[in-house]
Amino acid sequence: PGPAAFPAGGTAPDWIMTPSRRWRLAAPLLALACATLPLRAQDQPDDKFARRAERAAEVLGELVRVPDSAPPDALLRKAECVAVVPGVVQAGLGIGGRVGFGLASCRTASGWSQPSFVGLKGGSIGLQIGGQAADIVLVFLNPNAQRTLSRSTFTLGGNASVAAGPVGRNLAAETDYKAQAEILAWSRSRGLFAGVTLSGTRFHIDGNANRKVYGAALDAHATARDTQGVAWLLTSAGSGAPATVQAFVAALAKHVGPGTR
């Protein structure tokens, strides 16, 4: 009812919801909603890291799916550490740059380690053209691979030798193919995987992602020599890793083999 519905100087009955009464009732509810919005935002986990782990797990499965184009079993069994970087984006024709993010894990006495988030940055990927995205798999064969990975950054082909990985399960188990290479690399931009040369590419630890996923536990194990706590991750059993990265740990056990040394 409008003002004329009530006597001059009178007030509306209690059952009439005037605009001022509506505001008095709504204001506390609005304030409560505003106060809880930040809490709700914090309670909802950022699942981009889980998606990264899941995608890396999928790439591992796809790597071994077709025997004629998969790495030899003998090489996978020798792997000290494995890094998977899905969707590395390439720009340029013949020369250019690339960037991508993934995960890495090493064998320990208790199975595959807690994964560390990693990234690749650097020059061109072989013959890839334009803006293609490539899935990259790196198999570290050197017994000191965990120590190499614990560095904050290193150059493939510089600090650590890298070679294009062979494909085909018929390769003899006793082969010494690229025996001098510390790291073997495979790439897939379209269709099947193939060996790829990544010399000059920078491999780095994604410290921001590690801190967001592992939190205070990571900081507690950081040292002066290992400010990012990566050595602790790569020597700790993956069974104790957060659920965010468990898909990658499980994929390693299934497709590469038991993580125990």
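Details of the structure are given in the entry above.
Cut-offs used in this document
Residues numbered from 1 in each chain as written. Predicted model: local features only at pLDDT ≥ 70, side-chain atom pairs only at ≥ 80, totals over all residues. Heavy atoms only, no water. Helix = DSSP H or I, 4+ residues; strand = E, 2+ residues; numbered from the N terminus. Buried < 20%, exposed > 50% of the residue type's maximum accessible area, 1.4 Å probe, protein only. Contact = heavy atoms within 4.5 Å. Areas by Shrake-Rupley, 256 points an atom, 1.4 Å probe, with all protein chains shown as cover. Core = buried A, V, L, I, M, F, W, Y, C linked by side-chain atoms within 4.5 Å. Pairing = 2+ DSSP bridges. Disulfide = S-S within 2.5 Å. Salt bridge = Lys/Arg side-chain N within 4 Å of Asp/Glu carboxyl O. Arc of directions from axis to C-beta. Phe/Tyr/Trp six-rings, centres within 6.5 Å; stacked < 30°, edge-to-face > 60°.

A.B. asks: Help me get a handle on the overall build of the protein chain, residues and values and all.
C.D. replies: When helices and strands are counted, the protein chain shows eight helices and 10 strands. Looking at the protein chain as a whole, 44% of its 261 residues qualify as buried. Look at the contacts in the protein chain between residues 6 or more apart in sequence, and 72% of them connect residues 24 or more apart. Taken as a whole, the protein chain presents about 13,400 Å² of accessible surface, with 57% of it coming from carbon and sulfur.

A.B. asks: Explain the nonpolar core to me, and be specific about the residues and the numbers.
C.D. replies: Core analysis: the largest hydrophobic core is formed by 36 residues, its most contacted members being Leu60, Val82, Val84, Val245 and Phe248. For this core, the elements supplying multiple residues, two or more each, are α2 (48-63), α3 (73-77), β1 (81-91), β5 (133-140), β8 (183-188), α5 (207-214), α7 (230-235) and α8 (246-255). Residue contributions to this core peak at seven residues, all from α2. In this structure Val82 touches Leu60, Leu103, Ala104, Ser105, Trp112, Val137, Leu138, Phe140, Phe248, Leu252 and Val256, once residues within four positions along its chain are discounted. Among the nonpolar cores identified, the runner-up in size contains 26 residues, and Leu120, Ala145, Leu156 and Val162 belong to it.

A.B. asks: Lay out the environment of Ala163 in plain terms, naming residues and giving numbers.
C.D. replies: Summarising the element assignment, Ala163 is placed in strand β7 (residues 162-164). Look at Ala163 and you get buried, because its relative accessible area is 11%.

A.B. asks: Outline the pairing of β8, supporting the account with residue identities and numerical values.
C.D. replies: Counting buried positions along β8 yields six of six residues, so the element is predominantly enclosed. Alternating positions in β8 separate into two faces, Ile183, Ala185 and Ser187 on one and Leu184, Trp186 and Arg188 on the other, with burial throughout. Where β5 meets β8, six bridges bridge the pair, whose relative direction is antiparallel. From the neighbouring strand, Phe140 faces β8, where its bridge partner is Ile183. In this sheet, β8 lies alongside β7 in parallel orientation, the contact comprising three bridges.

A.B. asks: I'd like a rundown of the state of the cysteines, residues and numbers included.
C.D. replies: As enumerated under the stated definition, the model contains one disulfide in all. Each sulfur in the disulfide pair Cys81 and Cys106 lies 2.0 Å from the other. Its torsion about the S-S bond being 100°, the disulfide of Cys81 and Cys106 is classed as right-handed. Of the two residues, Cys81 sits in strand β1 while Cys106 sits in strand β2 (residues 97-108), which places them 25 residues apart along the sequence.

A.B. asks: I'd like a rundown of the pattern of salt bridges, residues and numbers included.
C.D. replies: Tallied over the entire structure, the rule returns seven salt bridges. Across the salt bridge formed by Arg52 and Asp206, the nearest N and O atoms sit 3.0 Å from each other. Remark: Asp206 occurs in the loop between β10 (202-205) and α5 and Arg52 occurs in helix α2; sequence separation between them is 154 residues. You'll find Arg52 and Asp206 in the same group, each marked buried. Of the charged contacts, one joins Arg55 and Asp135 as a salt bridge, the two residues approaching to 3.3 Å between their closest N and O atoms.

A.B. asks: Account for α8, naming residues and giving values.
C.D. replies: An α-helical turn contains 3.6 residues, so a residue and the one three or four places further along point in the same direction. Turning to α8, its buried residues number three or more, namely Phe248, Val249, Ala251 and Leu252. All buried residues of α8 fall inside an arc of 160° around its axis, so they share one side. Within two residues after α8, Gly257 carries a phi angle of roughly 125°, on the positive side.

A.B. asks: Outline the packing of aromatic side chains, listing residues and values.
C.D. replies: Within a pair of aromatic rings, the relevant descriptors are the distance that separates the centres and the angle that separates the planes. Counted by the stated rule, this structure contains three aromatic pairs. Judged by centre distance (5.6 Å) and plane angle (70°), the rings of Phe49 and Phe117 are edge-to-face. Residue Phe49 is found in helix α2, and its partner Phe117 is found in strand β4 (residues 116-122); the two are separated by 68 residues along the sequence. With centroids separated by 6.0 Å and ring planes inclined at 75°, the aromatic side chains of Phe140 and Phe203 adopt a geometry described as edge-to-face. Taken together, the residues span a long stretch of sequence, with Phe140 in strand β5 and Phe203 in strand β10 at a distance of 63 residues. Given a relative accessible area of 1%, Phe140 falls into the buried group. Overall, Phe203 belongs to the buried group, its relative accessible area being 1%.

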